[in-house]
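Analysis of the macromolecular model
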Amino acid sequence: MPAIQVADNLILPRLVGPLPESVERSVVKISPARAGLEGAGFPVYRGFAGLTVQDIDPFLMLDQLGPVLNGPFETKGAPWHPHRGFETVTYVLDGEIVHHDSNGGGGIIGDGDTQWMTAGAGILHDEMPTDKILNTGGWQHGIQLWVNLPKILKFSAPRYQGIVASKLTLATSSDGGALVRIIAGDIAAHSGPGSTHTPIAIAHVTLAAGAQLSVPWNPSFNAMVYMLLGGATVGTKRHALTPHHVALFGAGDHMVVSAGDQTADFLLLGGLPIREPVAQYGPFVMNTQDEIRQAFQDFEAGRLGVIPAPSG
Ligand code: MN
């Protein structure tokens, strides 16, 4: 799996484990993803399908794209479409996506890279396989996370951050068995490169068989583990978590994930809940239905942006 790797975890800084009085978070819900199709018809697992808006706040959606092995000319993308009112975070574990937006942002998101797009007041974009991937096929595996914006920031200016794999903050567990790639936020005093409007933390962890990660977690954040590949046990009762399942944790100061006899790849996710009404329709996420109607009118009038002329 070609997301960023290191030859030896032991060269990485160790995450300082929880203090003795720290309370371990227990798992309050384990929920399967729902399989579906997105964009022009690529397979996705809707990771949060079984959780409520309140459970996942400040997140809105998690899609795991693949992993899928495509033949030549089979790889599909998402053609031009609008967004308003939130941020999209796309992290590629395997494959390549080329992206353009109506604000002049864009580029290739390759193995281990992250694209962070703040739609804010409005943007149009596409997310397509590169010509190379289209012609040759190959593995595609990634995630797309939607992070909500509070009412006061829904009309902020669109912003684009391209975070290449080498910029991720890497750390390991006290036993050296974890590769923790921090994409955004602070985890045990290590800061990821993503700059967020809403306080959140996201990491992609590879946990070797038999290893354990005990990770301090901001007590005011919600906390989830989404299993991508392999399996592990989570929480105080050591519940089994298998691929395409999410564990939602209750209150506390740290989380424990233990790998069994296989390597586990998972996301650690959490953030400060926004606690505002969520009105969502398709690509728009606002606070009221009136604001959704306005978003459609603004889109149809071209006020969310226009598709730029192809370059080259
Ligand atoms: Mn999109």
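Residues numbered from 1 in each chain as written. Predicted model: local features only at pLDDT ≥ 70, side-chain atom pairs only at ≥ 80, totals over all residues. Heavy atoms only, no water.

The strand order across the open sheet built from 4 strands is E5-E10-E7-E8, with neighbouring strands paired in antiparallel fashion. The open sheet has two free edges, formed respectively by strand E5 (78–83) and strand E8 (106–109), since each of these has just one partner strand. Between one strand axis and the next, the sheet turns by 20 degrees as a mean value, whatever way the strands run. In this structure, strand E7 (residues 97–101) lies alongside strand E10 (residues 123–129), joined through 5 bridges in antiparallel fashion. Residue pairing in the sheet places His 100 in a bridge with Asp 126 of E10. (Pairing = 2+ DSSP bridges. Helix = DSSP H or I, 4+ residues; strand = E, 2+ residues; numbered from the N terminus. Axes fitted to C-alpha atoms, helices over the stretch in contact; angles between N-to-C directions.)

On to the pattern of salt bridges. Applying the stated rule across the entire model yields 9 salt bridges. Of the charged contacts, one joins Glu 24 and Arg 238 as a salt bridge, the two residues approaching to 2.9 Å between their closest N and O atoms. Here Glu 24 is found in the segment before strand E1 (27–32), whereas its partner Arg 238 is found in the loop between strand E20 (232–234) and strand E21 (239–241), with 214 residues between them in sequence. Looking at Arg 238, the relative accessible area reads 36%, which means it is partly exposed. Of the charged contacts, one joins Asp 298 and Arg 84 as a salt bridge, the two residues approaching to 3.0 Å between their closest N and O atoms. A residue pair is termed long-range when its members are at least 10 positions apart, and Asp 298 in helix H3 (residues 289–300) and Arg 84 in the loop between E5 and strand E6 (86–94) qualify at 214 residues. (Salt bridge = Lys/Arg side-chain N within 4 Å of Asp/Glu carboxyl O. Buried < 20%, exposed > 50% of the residue type's maximum accessible area, 1.4 Å probe, protein only.)

For the manganese ion, every protein donor is listed as His 81 (NE2), His 83 (NE2) and His 125 (NE2), and the spread of their distances is 2.1 to 2.2 Å. All donors to the manganese ion come from one chain, and their sequence spacing reads H-x1-H-x41-H. In this pair, His 81 is assigned in strand E5 and His 125 in strand E10, connecting sequence segments 44 residues apart. By the burial criterion, His 81 is buried, and His 125 matches it. (Donors = N, O, S within 2.8 Å, 3.2 Å for Na, K, Ca; no water.)

Right, let's talk about the sheet that holds E20 for a bit. Within the open sheet, the 4 strands sit side by side as E18-E23-E20-E21. Their pairing is antiparallel. Each end of this open sheet is capped by a strand with a single partner; those strands are strand E18 (212–216) and E21. Between one strand axis and the next, the sheet turns by 30 degrees as a mean value, whatever way the strands run. Of the pairings in the sheet, the one linking E20 to strand E23 (residues 254–259) comprises 3 bridges and is antiparallel in character. Of the residues in E23, the one forming a bridge with Thr 233 is Ser 258.

Bringing the packing of aromatic side chains into the picture now. Under the definition given, this model contains 5 aromatic pairs. Between Tyr 281 and Phe 296 the ring centres are 5.6 Å apart and the planes differ by 65 degrees, which places this aromatic pair in the edge-to-face class. Of the two residues, Tyr 281 sits in strand E25 (residues 279–281) while Phe 296 sits in helix H3, which places them 15 residues apart along the sequence. Residue Tyr 281 is classed as exposed on the basis of its relative accessible area, which comes to 51%. Look at Phe 296 and you get partly exposed, because its relative accessible area is 29%. Pairwise contacts between aromatic rings join Tyr 281, Phe 284, Phe 296 and Phe 299 into one cluster. (Phe/Tyr/Trp six-rings, centres within 6.5 Å; stacked < 30°, edge-to-face > 60°.)

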